[in-house]
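This is what each chain is made of:
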Amino acid sequence: MIDALTVLALILVLAHFSFPLAYYHYLKKKWLNKPWDVRRDPRYKPRVSIIVPTYNEVEFIRKKLNDIYVQDYPRGLIEVIIADSGSEDGTLEAVKEWMLDHTDLNLKLMVDPGRKGKLYALLKALNYISPDSEIVVFTDADAFWEPSALSKMVSYFVDPNVGSVTACIYYTDVDIHEEAYRNYYNVVRVAESKIYATPVHNGPFLAIRADLLMKHGLPDFPGSDDSSFGSFIAFIGYRAIQVDDIVVKEPIRGSQVRRRIRRAYHLIINFMTTKKYAKRRGVYKYNSAFERIWRIEWWLHIVNPWLLLISVTLLVLSAVSGSLIALALIGAGSALLVLNIYRVWILQQVYLIVAMLRSSWTKEVMWRR
Ligand code: GDD
Ligand code: MN
């Protein structure tokens, strides 16, 4: 006999998987391959400020600067601000040396004596961008661009409705977990962007219209240095889009578990805070298309992981009290973990739950690699 606990667990687990799967397939079939409803013009050449936060980046900073230097965009229209937080590994010396060899690139070095985190450095660097700059690009020291990245990104800003542009991120190293994660989310983010806007932006490459930054500022709560920037732009009434034609690659370095929990933490913070923040600041503008996307994503990040946890708990309870069906279901669910995409999904739910619990007692503004 199938008991009530097992039935309830089955309903919850079905809800947990069917809703995101249905959303993914809907986006992929209906939106992913639609043409962009965005006005673009390759002749548009505004002044661009590129902000690179650095903390101990001696390994990558030269390559990063070289990538910027070889962009197929008029060099005279580019300004770079390195926002360093007291690196101790020779990053500053490397930047200064590089500057001597590349005097035709406008590069400013902003050095803070101590470390206060990436977000602090980004916000502070905004004080140093030149007043005629039209687009601000935030990019990590370990995010590598193809030479046309900048010009492609700029062309989307011809459309006055576009407030921010982020890129799909790929990896320089092979990691089946990260690839499965990106393959899934890149489809969702790009498709949402084609509908109107996506609530999640990627820190390695994130461009925002400068006048919006000057007028409305940016979210400044801990954990807001990537995704929340995108949601904020959408909440103040502009399209925040992830585009699919810019290639940005990053290496996989440091502890991946710690990094994935941090990534989940930023997502949780975004979905719990950014909308309230925009409303509190009095800059929130209602947009029905984005509200629909936001509500779905909010559910997928804040509620959906718990359905899985509750359902597993119910199955365990029911198995302990003798249900063979519950035991068989737990066995089947565990056996499926050999499938990479399923395992990545389950782990992501675990990370989201851990991040949610953690966010209630700690605010992370700095991280170990
Ligand atoms: N100025 C400054 N101060 N820069 C910092 C600090 C700091 O305290 N901490 C990190 N950075 C810089 C790094 O030098 C790098 O350029 C960038 O911020 C990202 O840091 P990584 O150490 O490469 O971390 P990640 O690859 O795990 O970061 C990912 O997650 C972050 C949020 O959790 C990326 O997606 C980031 O874009 C994202 O912000
Ligand atoms: Mn990185």
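Higher on the page you've got the structure.
Residues numbered from 1 in each chain as written. Chains lettered and ligands numbered in written order. Predicted model: local features only at pLDDT ≥ 70, side-chain atom pairs only at ≥ 80, totals over all residues. Heavy atoms only, no water.

Peer 1: Can you break down the packing of helix H2 (residues 61–69) against helix H3 (residues 91–101) residue by residue, with the values?
Peer 2: Packing of H2 against H3 leaves a shortest axis separation of 9 Å and a crossing angle of 35 degrees. The hand of the H2/H3 crossing is right-handed. Residues Ile61, Arg62, Leu65, Asn66 and Tyr69 of H2 form the contact with H3, whose own contacting residues are Thr91, Ala94, Val95 and Trp98. Along the lines of polarity and charge, the residues of the contact of H2 with H3 split into six nonpolar, two polar and one charged. (Axes fitted to C-alpha atoms, helices over the stretch in contact; angles between N-to-C directions. Helix = DSSP H or I, 4+ residues; strand = E, 2+ residues; numbered from the N terminus. Left-handed = near helix turned anticlockwise from the far one by under 90°. Contact = heavy atoms within 4.5 Å. Nonpolar A, V, L, I, M, F, W, Y, C, P; charged D, E, K, R; others polar.)

Peer 1: Report on the nonpolar core, specifying residues and quantitative values.
Peer 2: Core analysis: the largest hydrophobic core is formed by 109 residues, its most contacted members being Ile50, Ile51, Val80, Val137, Phe138 and Met153. For this core, the element with the highest residue contribution is helix H9 (residues 256–280), accounting for nine residues. In this structure, this core is formed jointly by two domains, domain 1 (4–27 + 303–359) and domain 2 (48–293), each of which donates at least three residues. Leave out the neighbours within four places in its chain, and Val80 touches Ile50, Val52, Leu65, Ile68, Leu105, Asn106, Leu107 and Lys108. Formed by seven residues, the second largest nonpolar core is a distinct cluster that contains Leu12, Leu307, Leu314 and Ala319. (Core = buried A, V, L, I, M, F, W, Y, C linked by side-chain atoms within 4.5 Å. Buried < 20%, exposed > 50% of the residue type's maximum accessible area, 1.4 Å probe, protein only. Domains from an automatic or database assignment.)

Peer 1: I'd like a rundown of helix H5 (residues 149–156), residues and numbers included.
Peer 2: Burial of H5 is extensive: seven of the eight residues sit out of reach of the surface. If you check which residues of H5 are buried, you get Ala149, Leu150, Ser151, Met153, Val154, Ser155 and Tyr156.

Peer 1: Run through the pattern of salt bridges, naming residues and quoting values.
Peer 2: Under the counting rule described, the total for this entry stands at 21 salt bridges. Across the salt bridge formed by Arg47 and Asp132, the nearest N and O atoms sit 3.1 Å from each other. Note that Arg47 is positioned in the loop between helix H1 (4–31) and strand E1 (48–54) and Asp132 in the loop between helix H4 (118–125) and strand E4 (135–139), a separation of 85 residues in sequence. Owing to a relative accessible area of 44%, Asp132 belongs among the partly exposed residues under this scheme. (Salt bridge = Lys/Arg side-chain N within 4 Å of Asp/Glu carboxyl O.)

Peer 1: Explain the sheet that holds strand E5 (residues 144–145) to me, and be specific about the residues and the numbers.
Peer 2: Ordered by their spatial adjacency, eight strands build an open sheet running E3-E2-E1-E4-E7-E6-E8-E5, and the pairing between neighbours is mixed. Two strands lie at the open edges of the sheet, namely strand E3 (106–112) and E5, each paired on one side alone. Running over the sheet, H4 touches E1, strand E2 (78–85), E3 and E4 and is turned about 130 degrees from E3. Packing of helix H6 (residues 176–195) onto the sheet brings it into contact with strand E6 (162–171) and strand E8 (239–250), and relative to E8 it is tilted by some 150 degrees. (Pairing = 2+ DSSP bridges.)

Peer 1: Could you give me a rundown of the pairing of E4, with the residues and numbers involved?
Peer 2: With five of its five residues buried, E4 lies for the most part within the structure. Burial along E4 is two-sided: the face carrying Ile135, Val137 and Thr139 and the face carrying Val136 and Phe138 are both buried. Relative to E4, E1 runs parallel, the two being bridged by four bridges. The residue bridging Ile50 from the neighbouring strand is Val137, located in E4. Where E4 meets strand E7 (residues 205–209), five bridges bridge the pair, whose relative direction is antiparallel.

Peer 1: Describe empty space enclosed by the protein, naming the residues involved and giving the relevant values.
Peer 2: By rolling a water-sized probe across the atoms, one finds the places where empty space is left. Enumeration over the complete set of coordinates arrives at two cavities of 30 Å³ or more. Its boundaries defined by the atoms lining it, the largest cavity holds a volume of some 80 Å³. Considering the residues around the largest cavity, the lining is formed by Tyr23, Tyr184, Tyr185, Val188, Glu297, Leu300, His301, Trp345, Gln349 and Leu352. Mapped by element, the contributors of at least two residues to the lining of the largest cavity are H6, helix H10 (288–320) and helix H12 (340–359). A breakdown of the residues in the lining of the largest cavity according to their chemical character gives seven nonpolar, two polar and one charged. Computed from the structure, the second largest cavity encloses a volume of approximately 30 Å³. (1 Å grid on protein atoms, 1.4 Å probe; cavity = no way out; pocket = protein on both sides within 12 Å on 5 of 7 lines; lining within 4 Å. Points joined across faces, edges and corners; volume = space filled by probe spheres on them.)

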